Amino acid sequence: MDTITDIKGCFTLHNGVKMPYFGLGVYLSKDGNEVINAVKWAVELGYRHIDTAAIYDNETGVGEGIRASGIPREDIFLVSKVWNTDQGYEATIAAFEASLKRLKTDYLDLYLIHWPVKGKYKETWRALEELYRQKRIRAIGVSNFMQHHLEDLLSEASIVPMVNQMEFHPYLVQQGLVDFCASNKIRYEAWSPLMQGKIFEMDVFKKMAGKYNKTIAQIVLRWDLQKGVITIPKSSKRQRIKDNAAIFDFSISEEDMFVLDSLDKGKRFGPDPDTFDF
Ligand code: NAD
């Protein structure tokens, strides 16, 4: 069982790199002041992990926010992702360089293949392996890879992905995939941990939040960490960024973890990795 300590606490990836299990997501945070402030506030509040992507079109602001926080770059775990239209060996290398330029940094802590683009992702992975060997990236991983995508990738890969970032919340657990990743030492990471905000409308979570005197977001984010899943809730509001991180002063009982686990409906709020068309 993983130990959860505080906002700066880490899980150790299979290559020994320590990755903070709690971070800030910035999808839909606008480049410019919105994302600069979100990142700066988060880092000031103790966040040490920021999750962006080339397609979010805000890497410039993310880099600025980190610099504005005054915290050294090497104390932040910075994640970006190669977009679908940039997949393939050469294009991925070029996309990586372009991300670094926008972020104004000379390395990434984690670089992910954003989606498993058919016929392309193995070449993309070869590029990530090369960048990793050159020590331009501290860890490499994938996102939106189902078990069959991972099996296909692993059949030719020389490096096993360190992370798989997937849609994950109490309505979409995909336990078979979680177990498959665990058995291959691939750390599971949750995107849309708050169901893109829809979780706040659901009564079942209100009841448990009342019981622990916590918010719905805090309950669900704590559930992620107790399940050993890295989590990156998004907000661009200072108070919410602060509140979402107030999950290190309580724990959910085994019984209530089971109650949350049992809500799984296999329901997605985002695209399906087997049918996406972008
Ligand atoms: P999320 O589940 O984090 O929910 C974000 C929404 O909840 C926002 O509308 C926000 O305003 C609201 N919210 C946040 N905290 C709140 C609070 N305390 N009270 C009330 N409302 C609150 O959704 P997300 O942004 O889709 O996912 C998180 C991150 O995961 C993204 O920002 C991105 O970094 C990453 N992501 C990755 C992929 C991928 O394909 N790899 C896809 C989607 C998201």
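Residues numbered from 1 in each chain as written. Predicted model: local features only at pLDDT ≥ 70, side-chain atom pairs only at ≥ 80, totals over all residues. Heavy atoms only, no water.

1. Some remarks on the overall build of the chain
A tally of helices and strands in the chain yields 10 helices and 10 strands. Taking 19 Å as the expected radius of gyration for a compact globule of 278 residues, we find that the chain reaches 18 Å, a close match to that expectation. When burial is assessed residue by residue, the chain has 56% of its 278 residues classed as buried. Across the chain, contacts joining residues at least 24 apart in sequence account for 74% of those joining residues at least 6 apart. When the accessible surface of the chain is totalled, it reaches about 12000 Å², and 50% of it is carbon and sulfur. (Helix = DSSP H or I, 4+ residues; strand = E, 2+ residues; numbered from the N terminus. Rg over C-alpha atoms; globule rule 2.2 N^0.38 Å. Buried < 20%, exposed > 50% of the residue type's maximum accessible area, 1.4 Å probe, protein only. Contact = heavy atoms within 4.5 Å. Areas by Shrake-Rupley, 256 points an atom, 1.4 Å probe, with all protein chains shown as cover.)

2. A few points about the pattern of salt bridges
Here the structure, examined in full by the defined rule, presents 17 salt bridges. The partner of R102 in a salt bridge is E59, with the nearest N and O atoms 2.8 Å apart. With a gap of 43 residues between them, R102 in helix α3 (residues 89-103) and E59 in helix α2 (residues 59-69) connect regions that are remote in the sequence. A relative accessible area of 34% means that R102 is categorised as partly exposed. For E59, a relative accessible area of 2% puts it in the buried group. Between D152 and K122 there is a salt bridge; the shortest N-O distance is 2.9 Å. You can see D152 sitting in helix α5 (residues 147-154) and its partner K122 sitting in helix α4 (residues 121-133), a full 30 residues away along the chain. Under the relative-accessibility criterion, D152 is labelled partly exposed at 30%. Judged by its relative accessible area of 26%, K122 is partly exposed. (Salt bridge = Lys/Arg side-chain N within 4 Å of Asp/Glu carboxyl O.)

3. A word on the sheet that holds strand β4 (residues 49-51)
An order of β3-β4-β5-β6-β7-β8-β9-β10 is seen for the eight strands of this open sheet, with the pairing classed as parallel. A strand with exactly one partner marks an edge of an open sheet, and here the two such strands are β3 (24-25) and β10 (230-231). Pairing geometry for strand β8 (residues 163-167) and strand β9 (residues 187-191), over five bridges, is parallel. Bridge pairing in β9 links V163 to R187. Here α4 sits on the sheet in contact with β5 (77-82), β6 (108-113) and β7 (137-143), set at roughly 165 degrees to β7. (Pairing = 2+ DSSP bridges. Axes fitted to C-alpha atoms, helices over the stretch in contact; angles between N-to-C directions.)

4. A closer look at the side chain of Q165
Examined against the element boundaries, Q165 turns out to sit in strand β8. Setting aside its immediate chain neighbours within four residues, Q165 contacts D51, K81, L112, V142, S143, N144, E189, W191 and I232.

5. Quick word on the site of the ligand
Near the ligand lie 25 residues; those nearest to it are D51, S143, Q165, S192 and L194. Measuring from a nitrogen atom of the ligand, one finds a side-chain N or O atom of Y56 at 3.3 Å. Q165 places a side-chain nitrogen or oxygen 2.8 Å from a nitrogen atom of the ligand. Relative to its free-state accessible area of 830 Å², the ligand is covered by the protein chains to the extent of 87%. For the shell around the ligand, a count of residues per class yields 11 nonpolar, 10 polar and four charged. (Near = heavy atom within 4 Å. Polar contact = N/O pair within 3.5 Å; in protein donor to acceptor, adjacent residues only side chain to side chain. Nonpolar A, V, L, I, M, F, W, Y, C, P; charged D, E, K, R; others polar.)

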